[in-house]
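Coordinate inspection notes
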Amino acid sequence: MGSKLSGAAGGAGSAVSHNADINVTPFVDIMLVLLIIFMVAAPMATVSMKLDLPPPQAPTTPEKEPVYITVQESGALFIGAGQTSLATLPADVCAALGGGDCRGRRVFVRAEPEVAYERFMAVMNGLYGAGFTQVGLLNEDIE
């Protein structure tokens, strides 16, 4: 009594092999559809807003030049080309800035490379103690 389904149902003489590979064709199809959807929808997601900006205007007052304080190795202080001392530094800086509200103006401090740190910090602390908060440090290469 033999089975009549021997050939078609995997009977005695045939071996059935299974394919374990993932079929990526549906995955690629879905990804391409999503790509097209996002490419079409992305420009619609931007929000445009009408702005009424005033026309640009040139500044009415020219920017004043900052004051440069130089600390030399010998301990001498200079504001521009004029010599000053640590005691009169805030008043001399205000005079160099033109008076008025000089505390809010920009001041630059530069020092020679051999200046002692204590001397440099004494100048910085003197400026800060007098109310100068916009103090910049300059580093210049000497060739």
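Refer to the structure presented above.
Residues numbered from 1 in each chain as written. Predicted model: local features only at pLDDT ≥ 70, side-chain atom pairs only at ≥ 80, totals over all residues. Heavy atoms only, no water.

What about helix α2 (residues 89-97)?
Among all positions in α2, only L89, P90, V93, C94 and L97 are buried. When α2 is viewed along its axis, its buried side chains cluster within an angular range of 135° and face the same direction. Structural note: α2 exposes A91 and A95 on the side pointing more than 90 degrees away from its buried face. Structurally, α2 contributes buried residues whose contacts are with β1 (67-71), β2 (77-79), β3 (82-84), β4 (107-111) and α3 (117-129). A positive phi of about 95° marks G98, the residue just after α2. (Buried < 20%, exposed > 50% of the residue type's maximum accessible area, 1.4 Å probe, protein only. Helix = DSSP H or I, 4+ residues; strand = E, 2+ residues; numbered from the N terminus. Arc of directions from axis to C-beta. Contact = heavy atoms within 4.5 Å.)

Considering the pairing of strand β5 (residues 135-138)
In terms of strand pairing, β4 meets β5 through four bridges, oriented parallel. In the strand pairing of β5, F108 is matched with G136. Once you follow β4 into α3 and on to β5, the crossover reads as right-handed. (Pairing = 2+ DSSP bridges. Right-handed = clockwise from strand over helix to strand, strands pointing away.)

Structural notes on the nonpolar core
Of all hydrophobic cores here, the largest spans 19 residues; its most connected members are I69, V93, V109, V123, L127 and F132. Among all residues touching I69, those that are not within four sequence positions of it are F78, I79, L89, V93, V107, F108, V109, R110, V123 and L127. (Core = buried A, V, L, I, M, F, W, Y, C linked by side-chain atoms within 4.5 Å.)

Brief notes about the packing of aromatic side chains
Within this structure, the stated rule accounts for one aromatic pair. Ring centres of Y68 and F108 lie 5.5 Å apart, and the angle between their planes is 15°; this geometry places the pair in the stacked category. Within this pair, whereas Y68 is found in strand β1, its partner F108 is found in strand β4, the two being separated by 40 residues in sequence. For Y68, a relative accessible area of 31% puts it in the partly exposed group. (Phe/Tyr/Trp six-rings, centres within 6.5 Å; stacked < 30°, edge-to-face > 60°.)

Digging into the pattern of salt bridges
The tally for this structure, following the rule as stated, stands at one salt bridge. Measuring nitrogen to oxygen at the nearest pair gives 3.7 Å for the salt bridge that ties K50 to D52. When sorted by exposure, K50 lands in the same class as D52, which is exposed. (Salt bridge = Lys/Arg side-chain N within 4 Å of Asp/Glu carboxyl O.)

Remarks on the side chain of T84
Counting through the fold element by element, T84 comes out in strand β3. Of note is the side chain of T84, whose polar atom sits 3.1 Å from the side chain of T88. Contacts of T84, omitting those with residues within four sequence positions, involve L77, F78, I79, L89 and D92. (Polar contact = N/O pair within 3.5 Å; in protein donor to acceptor, adjacent residues only side chain to side chain.)

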